[in-house]
Amino acid sequence: MTDTANADLAALIRTIPDFPKPGIQFRDITTLLLNAEGLAATIDRLATMHDGPFDLVAGIEARGFIFGAAVAQRLGTGLLLIRKNGKLPGRTVGVDYALEYGEDRIEMHADAVVPGCRVLLVDDLIATGGTALAAIRLLRKAGAMVGGAGFVIDLPDLGGVAKIEAEGVPVGALVAFDGD
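Fair warning: this is a prediction, and the values are worked out from it, not measured in the lab.

Engineer: Please provide a residue-by-residue account of the sheet that holds strand β3 (residues 56-60), values included.
Structural biologist: Pairing is mixed across the open sheet formed by 7 strands, whose spatial order is β5-β6-β4-β3-β7-β8-β9. Every interior strand has two partners, whereas the edge strands, β5 (92-99) and β9 (171-176), have only one. For this sheet the average axis-to-axis angle between neighbouring strands, irrespective of direction, equals 20 degrees. Examined bridge by bridge, β5 and strand β6 (residues 102-109) share 8 bridges and lie antiparallel to one another. Pairing of valine 95 across the sheet is with isoleucine 106, part of β6. With respect to the sheet, helix α4 (residues 63-75) is in contact with β3, β4 (78-84), β7 (118-126) and β8 (145-154), its orientation differing from that of β7 by roughly 140 degrees. Strands β3, β4, β5, β6, β7 and β8 of the sheet are contacted by helix α5 (residues 130-141), whose axis makes an angle of about 150 degrees with β5.

Right, here's the structure in full:
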């Protein structure tokens, strides 16, 4: 899953202690995004971590759009946007999912996928896996086959990768950080 060859990328990710609340170690990708070589390497490695071919790359709002768009361009596919409730015009399909305290909803356009198309899911970080798992369920609800999920960062102590793999989706992450 995580490769020690990606230490160069890990070094470009800043940790901000106690953000957004005390005890949280926030993994800030903005420092990675500012580094042209690091950003290019991240995109190349995300694009090659799963066997294709893929028909679409799906990016989860919002930082997943950054990486998803670049990976889609690299793979020669389109980009499917998975957005928070109420952000897309036109007819949508969605799924509700549980948060620590309450529920949320993600959506995509109802006509975004052709049944049977093969999709690569991309986001910046996998923690508990709730949003990524909801995205997989949404894509499957629309008839897509999710052929892989790629993340820049994994927080393995929070167990998200195991949840995604339990759904039969291969998962890759470039770097892992202990803790939350």
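Engineer: Report on the environment of glycine 86, specifying residues and quantitative values.
Structural biologist: Note on placement: glycine 86 falls in the loop between β4 and β5. The spacing of glycine 86 and isoleucine 106 is 20 residues in sequence and 8.7 Å in space, taken between C-alpha atoms.

Engineer: Could you give an account of the nonpolar core, naming the residues involved and the relevant values?
Structural biologist: In this structure, Leu80, Ile82, Ile106, Val113, Leu121, Leu139 and Ile164 are the most contacted members of the largest nonpolar core, which totals 31 residues. Here the element with the most residues in this core is α5; it accounts for 7 residues. Discounting residues that sit within four places of it in the chain, valine 113 has contacts with Leu56, Leu80, Met108, Ala142 and Ala144. Among the nonpolar cores identified, the runner-up in size contains 22 residues, and Ile13, Ile43, Ile153 and Val175 belong to it.

Engineer: So what's going on with the side chain of glutamate 107? Which residues, and what values?
Structural biologist: Mapped onto the elements of the fold, glutamate 107 is located in strand β6. On the basis of relative accessibility, which here comes to 7%, the residue glutamate 107 falls in the buried class.

Engineer: So what about the packing of aromatic side chains? Which residues, and what values?
Structural biologist: Counted according to the given criterion, the structure contains 1 aromatic pair. Between phenylalanine 19 and phenylalanine 26 the ring centres are 5.2 Å apart and the planes differ by 85 degrees, which places this aromatic pair in the edge-to-face class.

Engineer: Explain α5 to me, and be specific about the residues and the numbers.
Structural biologist: An ideal rise of 1.5 Å per residue puts 16 Å on 12 residues; α5 measures up with 16 Å between its terminal C-alpha atoms. All of the buried residues in α5 are Ala132, Leu133, Ala134, Ala135, Ile136, Leu138 and Leu139. Positive phi shows up at glycine 143, right after α5, with a value of about 100 degrees.

Engineer: Give a detailed account of the pattern of salt bridges, specifying residues and quantitative values.
Structural biologist: Across all of its chains, the model carries 9 salt bridges by this definition. One salt bridge in this structure joins glutamate 107 and arginine 105, with 3.2 Å as the shortest N-O distance. Arginine 105 sits in the partly exposed class, given a relative accessible area of 25%. Beyond isolated ion pairs, a larger network of salt bridges with shared partners links Asp96, Arg105 and Glu107.

Engineer: How would you explain the packing of helix α3 (residues 36-47) against α4 if you had to name every residue and give the values?
Structural biologist: Pairs of packed helices are described in terms of their axes, by the angle between the two and the distance that separates them. α4 packs onto α3 with a crossing angle of 65 degrees between their chain directions and a minimal axis gap of 9 Å. For α3 against α4, the interelement crossing comes out right-handed. Packed against α3, whose contacting residues are Leu39, Thr42, Ile43, Asp44, Leu46 and Ala47, the element α4 presents Phe67, Ala70, Val71, Arg74 and Leu75 at the interface. Residue classes in the contact of α3 with α4 are distributed as 8 nonpolar, 1 polar and 2 charged.

About the criteria used
- Residues numbered from 1 in each chain as written.
- Predicted model: local features only at pLDDT ≥ 70, side-chain atom pairs only at ≥ 80, totals over all residues.
- Heavy atoms only, no water.
- Pairing = 2+ DSSP bridges.
- Helix = DSSP H or I, 4+ residues; strand = E, 2+ residues; numbered from the N terminus.
- Axes fitted to C-alpha atoms, helices over the stretch in contact; angles between N-to-C directions.
- Contact = heavy atoms within 4.5 Å.
- Core = buried A, V, L, I, M, F, W, Y, C linked by side-chain atoms within 4.5 Å.
- Buried < 20%, exposed > 50% of the residue type's maximum accessible area, 1.4 Å probe, protein only.
- Phe/Tyr/Trp six-rings, centres within 6.5 Å; stacked < 30°, edge-to-face > 60°.
- Expected span 1.5 Å × (residues − 1).
- Salt bridge = Lys/Arg side-chain N within 4 Å of Asp/Glu carboxyl O.
- Left-handed = near helix turned anticlockwise from the far one by under 90°.
- Nonpolar A, V, L, I, M, F, W, Y, C, P; charged D, E, K, R; others polar.

Any functional reading would require information that these geometric values do not contain.
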